[in-house]
Number of protein chains: 4
Amino acid sequence: MDRPAFIWQRRVGFGDCDPARIAYTGRIPDFALEAIDAFWEHILSGTNWFRMNVDQGIGTPFVHMEMDFRAPITPRAPLFCHVRPAPPGNASVTFHVEGAQADTVCFTSKFVCVFVDAASLKKIPIPDPIRAALAAAGPAPV
Amino acid sequence: MDRPAFIWQRRVGFGDCDPARIAYTGRIPDFALEAIDAFWEHILSGTNWFRMNVDQGIGTPFVHMEMDFRAPITPRAPLFCHVRPAPPGNASVTFHVEGAQADTVCFTSKFVCVFVDAASLKKIPIPDPIRAALAAAGPAPV
Amino acid sequence: MDRPAFIWQRRVGFGDCDPARIAYTGRIPDFALEAIDAFWEHILSGTNWFRMNVDQGIGTPFVHMEMDFRAPITPRAPLFCHVRPAPPGNASVTFHVEGAQADTVCFTSKFVCVFVDAASLKKIPIPDPIRAALAAAGPAPV
Amino acid sequence: MDRPAFIWQRRVGFGDCDPARIAYTGRIPDFALEAIDAFWEHILSGTNWFRMNVDQGIGTPFVHMEMDFRAPITPRAPLFCHVRPAPPGNASVTFHVEGAQADTVCFTSKFVCVFVDAASLKKIPIPDPIRAALAAAGPAPV
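Residues numbered from 1 in each chain as written. Chains lettered and ligands numbered in written order. Predicted model: local features only at pLDDT ≥ 70, side-chain atom pairs only at ≥ 80, totals over all residues. Heavy atoms only, no water.

S.K.: Now, about the overall build of chain A: what can you tell me, with residues and values included?
M.R.: Across its full length, chain A holds three helices and seven strands. Ordered by position from the N terminus, the helices and strands of chain A form the series β-α-α-β-β-β-β-β-β-α. A compact globule built from 142 residues would reach a C-alpha radius of gyration of about 14 Å, and chain A, at 16 Å, matches this within 12%. Along the three orthogonal principal directions, the C-alpha set of chain A runs to about 45 × 35 × 25 Å. Within the span of chain A, comprising 142 residues, buried residues form 56% of the whole. Counting only contacts in chain A whose residues sit at least 6 apart along the sequence, the fraction spanning at least 24 positions is 64%. Approximately 5,800 Å² of chain A is accessible, and the part contributed by carbon and sulfur atoms is 55%. Here chain A contributes 13 positively and 14 negatively charged side chains, and the mean placements of these two sets differ by 2 Å. (Helix = DSSP H or I, 4+ residues; strand = E, 2+ residues; numbered from the N terminus. Rg over C-alpha atoms; globule rule 2.2 N^0.38 Å. Buried < 20%, exposed > 50% of the residue type's maximum accessible area, 1.4 Å probe, protein only. Contact = heavy atoms within 4.5 Å. Areas by Shrake-Rupley, 256 points an atom, 1.4 Å probe, with all protein chains shown as cover. Lys, Arg positive; Asp, Glu negative; His and termini not counted. Charge placed at Lys NZ, Arg CZ, Asp CG, Glu CD.)

Following this line, the structure appears as structure tokens:
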């Protein structure tokens, strides 16, 4: 059975919306990415993408994303992004991120990132402490 | 004596930062604007810029901004924006917004907006309920 | 045989990049969206998303996007986005957008939008003049 | 007499605009900054902020900005940003940037940056080749 998702709450601002008066499509992937960054920060005791890159020389560039947009997002309610990592590969992690407002699912999405050495951009195995934190946070083994 | 400022807390993300590894200058005015939008939401029982514009036909375009940048902003700590409105004019409001991280002031700034009819963009006096809420939230009379 | 793609050239700025010193993932979908907006403007004699929405009451919200990131994007060269619409459905259009820098493909992507009445957000058939412009610009019939 | 300003032309997109159907205030400082980055690229044979930082270890953080907003910016016309550097100080440069659409001035602004060593963020004198390029591009001596 899955452990509960990590939930990231975010205010939707006036500047996130476009003349159609809904959050601009081009902003929505970043909502999901912010949630993934906050997920790392949460499970790694404060180590977010910035600290991984700048302090630890580790990068996690994305190689794939896909999103289904089901309902408009507006500044009428906070946005809740539910982050669920899939069981990690050797060097890659897949995240499922679902965005909801006022109990309506606004988007579902999938993001795949790869661990790399930040200087060379060469792929590396997921570092052990990160793998352990993911295992503790992610879906329980059957 | 002044009433306490409204404080808006914001996560600084990886995507807010540039290759110099500090928050990109072009993002920082928006941090202050988000804080002003949150201030309105706070003092107007949830009426933010979106609701003012879309539901009430009221706009508050800015006519002036100025910012002094004193220290870099990074994702190492949350950003706290302190919002203080000056005593309002007939149609305009001036905000002082100060951004701080880990007890260091990162920027001071001043933003001036004007109330307008959203459809015509013609200047209007600050609506009475908004003026009353500002008076309750803003600097106390001497 | 396909007609040539519409090509949208864009400067990549310092503020588009993150501390990993490549364009931030959360900005890249917007590069592709800008290219689609520029495509409409090109084939519709200047009618971009803004004019569609504000002047004509037509919206084109996206229901799906997917992107594969193949190479980092940097400010060392302009970005060229190649936009190719697929044959349209009754109410929906699929775009293939490929981004390239210095002859390297940086991303491939697919975006699906649906035509709606901007006020009600109800689906509408693609308006005839837009369908005709798409037919003239898009893949030739077999 | 002044030499002509450097002019940076930019498309204004749907995503640059907010529910008031004008460019969002929080995006406009970045339009001016993009123009300054393009100015450097122009006078330094392609050396933009990215190359200065990453290749040359030079940063130019901003210490001050101020903007007056005179007319709304929309996607109905391209935006032209006119960049004029003032005579440089020892370590700092002031830029005047004016944004115009369809012959209407939309904003006037002033940005002050300081040259620093990118690693230490310590102030440095403007490097000679940059000073020479500025002198060639900037206001002629009286």
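After presenting the structure, the write-up continues.
S.K.: Before we move on, can you summarise the interface of chain B and chain A with the specific residues and values?
M.R.: Each partner contributes residues to the interface: chain B has 20 residues there, and chain A has 20 residues. Summing both partners gives a buried area of about 2,000 Å² for chain B against chain A, and 53% of it is carried by carbon and sulfur. When residues of chain B are sorted by the area they lose upon contact with chain A, B:R11, B:F50 and B:R76 head the list and together hold 39% of the total. At the junction of chain B and chain A, the tally comes to six salt bridges. Here chain B is connected to chain A by twelve residue pairs in polar contact (both at pLDDT 80 or more). Of all the secondary-structure elements, those providing two or more residues to the side of chain B that touches chain A are α1 (28-43) and α2 (49-56) of chain B. (Buried area = accessible area lost by both parts, 1.4 Å probe. Salt bridge = Lys/Arg side-chain N within 4 Å of Asp/Glu carboxyl O. Polar contact = N/O pair within 3.5 Å; in protein donor to acceptor, adjacent residues only side chain to side chain.)

S.K.: Mind laying out the relation of the copies chain C and chain A, listing which residues take part and the relevant values?
M.R.: Overlaying chain C with chain A gives an RMSD of 0.0 Å, the required rotation being 180° about an axis along which the chain moves by 0.0 Å. Here the transformation between the copies is reduced to the relation of a two-fold axis. In terms of proximity to the rotation axis, the leading residue of chain C is C:E66, whose C-alpha is 2.0 Å off the axis. Of all interface residues in chain C, 100% are interface residues in chain A too; the two copies therefore contact each other through one and the same surface. (Least-squares fit on C-alpha atoms with pLDDT ≥ 70 in both.)

S.K.: Describe in detail the interface of chain C and chain A, supporting the description with residues and values.
M.R.: Opposite the 22 residues of chain C that make contact, chain A presents 22 residues. If you sort the residues of chain C by the area they bury against chain A, C:Y24, C:M65 and C:F69 come out on top, with a joint share of 25%. Connecting chain C to chain A are zero salt bridges. Counting every contact that joins chain C to chain A gives ten residue pairs in polar contact (both at pLDDT 80 or more). Mapped by element, the contributors of at least two residues to the side of chain C that touches chain A are α1 (28-43), α2 (49-56) and β3 (62-69) of chain C. When residues of the side of chain C that touches chain A are assigned to their parent elements, the largest contribution, eight residues, is made by β3(C). Residue composition of the side of chain C that touches chain A, by class: 15 nonpolar, four polar and three charged. Pairing geometry for strand β3 (residues 62-69) of chain A and β3(C), over five bridges, is antiparallel. (Nonpolar A, V, L, I, M, F, W, Y, C, P; charged D, E, K, R; others polar. Pairing = 2+ DSSP bridges.)

S.K.: Any details on the side chain of C:R10? Residues and values, ideally.
M.R.: All names here are of chain C. With respect to the helices and strands, the residue R10 is situated in strand β1 (residues 6-10). Residue R10 is classed as buried on the basis of its relative accessible area of 8%. Separated by 3.2 Å, the side chains of R10 and D16 make a polar contact. With near-sequence residues (within four places) excluded, R10 lies in contact with D16, R27, F31, E34, P78 and L79.

S.K.: Please set out the relation of the copies chain B and chain A residue by residue, giving values where relevant.
M.R.: The operation relating chain B to chain A is a screw motion whose rotation component is 180°, with 0.0 Å of axial translation and a residual RMSD of 0.0 Å. The overlap is high: 100% of the interface residues of chain B also sit at the interface in chain A, so the same surface is used on both sides.

S.K.: Describe the sheet that holds β3(A), and please don't skip the residues or the numbers.
M.R.: Reading across from one edge, β1(A)-β4(A)-β5(A)-β6(A)-β3(A)-β3(C)-β6(C)-β5(C)-β4(C)-β1(C) is the order of the ten strands in this open sheet, with antiparallel pairing throughout. Each having just a single partner strand, β1 (6-10) of chain A together with β1 of chain C make up the two edges of the open sheet. Across the sheet, the mean angle separating the axes of adjacent strands is 20° when strand polarity is ignored. The strands touched by α1(C) are β3 of chain A together with β1, β3, β4 (79-85), β5 (92-101) and β6 (104-114) of chain C; relative to β1(C), the strand with the most contacts, the crossing angle is about 125°. (Axes fitted to C-alpha atoms, helices over the stretch in contact; angles between N-to-C directions.)

S.K.: Break down α2(C) for me, citing the residues and quoting the values.
M.R.: Residues and elements named next belong to chain C. Looking at α2, one finds that the buried residues are W49, F50, M52 and N53. Of the surrounding secondary structure, the elements contacted by the buried residues of α2 are α1, β2 (58-59) and β3. Once α2 ends, the next one or two residues include G57, with phi positive near 65°.

S.K.: Account for the environment of C:I73, with residues named and values stated.
M.R.: Residues and elements named next belong to chain C. If you trace the backbone, I73 turns up in the loop between β3 and β4. Spatially, the C-alpha atoms of I73 and A136 are 32 Å apart, while their sequence positions differ by 63 residues. Discounting chain neighbours no more than four positions away, the residues touching I73 are V12, I22, A23, I28, F31, L79, Q101, C106 and F107.

S.K.: Before we move on, can you summarise the state of the cysteines with the specific residues and values?
M.R.: Following the criterion strictly, the structure yields zero disulfides over all chains and no others. Between B:C81, a free cysteine, and B:C106, which holds the nearest cysteine sulfur, the sulfur-to-sulfur gap is 9.0 Å. (Disulfide = S-S within 2.5 Å.)

S.K.: Could you give an account of the packing of α1(C) against helix α3 (residues 128-137) of chain C, with specific residues and numbers?
M.R.: All names here are of chain C. Where α1 contacts α3, the axes come no closer than 10 Å and their chain directions differ by 100°. Judged by the angle between their axes, α1 and α3 are roughly perpendicular. In contact with F39, W40 and I43 of α1, α3 contributes I130, A133, L134 and A137. Taken together, the residues that form the contact of α1 with α3 break down as seven nonpolar, no polar and no charged. (Parallel < 35°, antiparallel > 145°, perpendicular 65-115°, else oblique.)

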